Amino acid sequence: MNPLLLKEVQTASSKFGAYYGLLDFRYKNLCVKADPFSLLPVTIQANLYECNIEEVASVLTVDDFRMAIYPNDEMYLVEISKGVLHAHPEFKQTLMLHTSDGEDQELNPDKLYDQSLKGVKYLIFTMPEVDKNRYDLLTNGVKSLHDECMSRVKVVNMQTKAQLTNGSFLSTEKDIQEAEARLKELYDKTVEQVDKLKDDKLDEIEEAYQKYLEDHEVYEEPVPTFDVIRGMKFGETE
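What you are looking at is a predicted structure, and each value in this text was computed from that prediction instead of being measured.

**A word on helix H4 (residues 173-216)**
Residues that lie three or four places apart on an α-helix share one face, since the helix turns once every 3.6 residues.
Inference 1: Taking 1.5 Å per residue as the helical rise, H4 with its 44 residues ought to reach 64 Å, and the 64 Å between its terminal C-alpha atoms agrees with that figure.
Inference 2: Phi turns positive, to about 50 degrees, at Glu217, one or two residues after H4.

**A look at the nonpolar core**
Inference 1: One finds Phe16, Leu23, Tyr27, Val130 and Ile205 to be the most contacted residues of the largest nonpolar core, which totals 31 residues.
Inference 2: Secondary structure elements with two or more residues in this core: helix H1 (3-28), helix H3 (132-165) and H4.
Inference 3: When residues in this core are grouped by element, the largest group, 13 residues, is from H4.

**Details of empty space enclosed by the protein**
Inference 1: Applying the stated criterion across every chain, the model contains one cavity of 30 Å³ or more.
Inference 2: Volume-wise, the largest cavity comes out at about 50 Å³.
Inference 3: Around the largest cavity sit Tyr19, Leu22, Leu23, Arg26, Leu145, Glu148, Cys149 and Arg152, which together line it.
Inference 4: Contributions of two or more residues to the lining of the largest cavity are made by H1 and H3.

**Section: a nonpolar patch on the surface**
Inference 1: A grouping of Leu22, Phe25, Phe37 and Leu40 is seen on the molecular surface, where their side chains present a nonpolar patch of about 350 Å² in accessible area.
Inference 2: Leu40 gets classed as partly exposed once you look at its relative accessible area, which sits at 49%.

**Here we look at the environment of Leu138**
Inference 1: As for its placement among the helices and strands, Leu138 is situated in helix H3.
Inference 2: Under the relative-accessibility criterion, Leu138 is labelled buried at 2%.
Inference 3: Sequence-distant contacts of Leu138, defined by excluding residues within four places in its chain, comprise Leu30, Val32, Val130 and Ile205.

**What to know about the confidence of the model for the protein chain**
Low-confidence regions, as indicated by low pLDDT, have predicted coordinates that should not be scrutinised in detail.
Inference 1: Per-residue confidence for the protein chain gives a mean pLDDT of 88; residues scoring 70 or more make up 89%.
Inference 2: Taken element by element, the predicted model of the protein chain shows its lowest mean pLDDT in strand S9 (residues 232-233) (35) and its highest in strand S4 (residues 66-71) (96).
Inference 3: Low confidence marks residues 222-238, where pLDDT is under 50. Its contacts with residues over four positions away, or in another chain, come to nine contacts.

**Observations regarding the packing of H1 against H4**
Inference 1: Direction vectors running N to C along H1 and H4 enclose 5 degrees, while the axes themselves pass 10 Å from each other. Taken as axis vectors, H1 and H4 run roughly parallel relative to one another.
Inference 2: Residues of the contact of H1 with H4, tallied by class, amount to 14 nonpolar, three polar and five charged.

**Here's the deal with the pairing of strand S2 (residues 49-52)**
Here is the key point about a regular strand: its side chains alternate between the two faces of the sheet.
Inference 1: Where strand S1 (residues 43-46) and S2 come together, four bridges link them in antiparallel fashion. The partner of Thr43 across the bridge, within S2, is Asn52.
Inference 2: Once S1 ends, the chain turns through two residues before running back antiparallel as S2, passing Asn47 with a positive phi of about 55 degrees.

What counts and how
Residues numbered from 1 in each chain as written. Predicted model: local features only at pLDDT ≥ 70, side-chain atom pairs only at ≥ 80, totals over all residues. Heavy atoms only, no water. Helix = DSSP H or I, 4+ residues; strand = E, 2+ residues; numbered from the N terminus. Expected span 1.5 Å × (residues − 1). Core = buried A, V, L, I, M, F, W, Y, C linked by side-chain atoms within 4.5 Å. Buried < 20%, exposed > 50% of the residue type's maximum accessible area, 1.4 Å probe, protein only. 1 Å grid on protein atoms, 1.4 Å probe; cavity = no way out; pocket = protein on both sides within 12 Å on 5 of 7 lines; lining within 4 Å. Points joined across faces, edges and corners; volume = space filled by probe spheres on them. Patch = residues over 30% accessible without salt bridge, like charges linked within 9 Å, V, L, I, M, F, W, Y side chains within 5 Å. Areas by Shrake-Rupley, 256 points an atom, 1.4 Å probe, with all protein chains shown as cover. Salt bridge = Lys/Arg side-chain N within 4 Å of Asp/Glu carboxyl O. Contact = heavy atoms within 4.5 Å. pLDDT = per-residue confidence, 0-100. Axes fitted to C-alpha atoms, helices over the stretch in contact; angles between N-to-C directions. Parallel < 35°, antiparallel > 145°, perpendicular 65-115°, else oblique. Nonpolar A, V, L, I, M, F, W, Y, C, P; charged D, E, K, R; others polar. Pairing = 2+ DSSP bridges.

Below, the structure written as structure tokens:
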């Protein structure tokens, strides 16, 4: 393949990958399950400068819906709390103490500076439940971000196709066809990956919503099997 054509295809591939990565990052920040990647936007004010959370703490996943953050020093607890809740105000925060005898107990926030407590203080962040309102918010967000990503991918694809055929590379028809075939392969693969990302996120949201319904025994009106206006069951004829 003509090196200049190849460069155009490689540039498009890089852009496809960047948009896919951005969508993945945004989906991780539409938090359903506990995911340490959702803390990437968090910055902490520590020692008079701004730093990333991993510089002042360790993050562990407790279970599907909870993360534990252990500060390197208790002095960072307040700033960690502020930083996480600034990025994710929807998280529920709990102050915990890991005692010297290996037990974990919940503390009132006013015990934060209590030096008589022996053990390690840390924070638990719990993901919000996916009730109907959050379910709608998340699913709409997933679809909107997917559409935005795909619109950008399509623009890159169209612009690259135009570049391949504008004649500025003095390429043969065979070179152009090879480049177009490679671009199409990359584009189709990107579409497949982006769609899978969306479907996986929607499945995650649906699973969490069904868990919420089970846990709360929420009653939902059944879908009527008849037309209440005409008094006729759908699909039936006289």
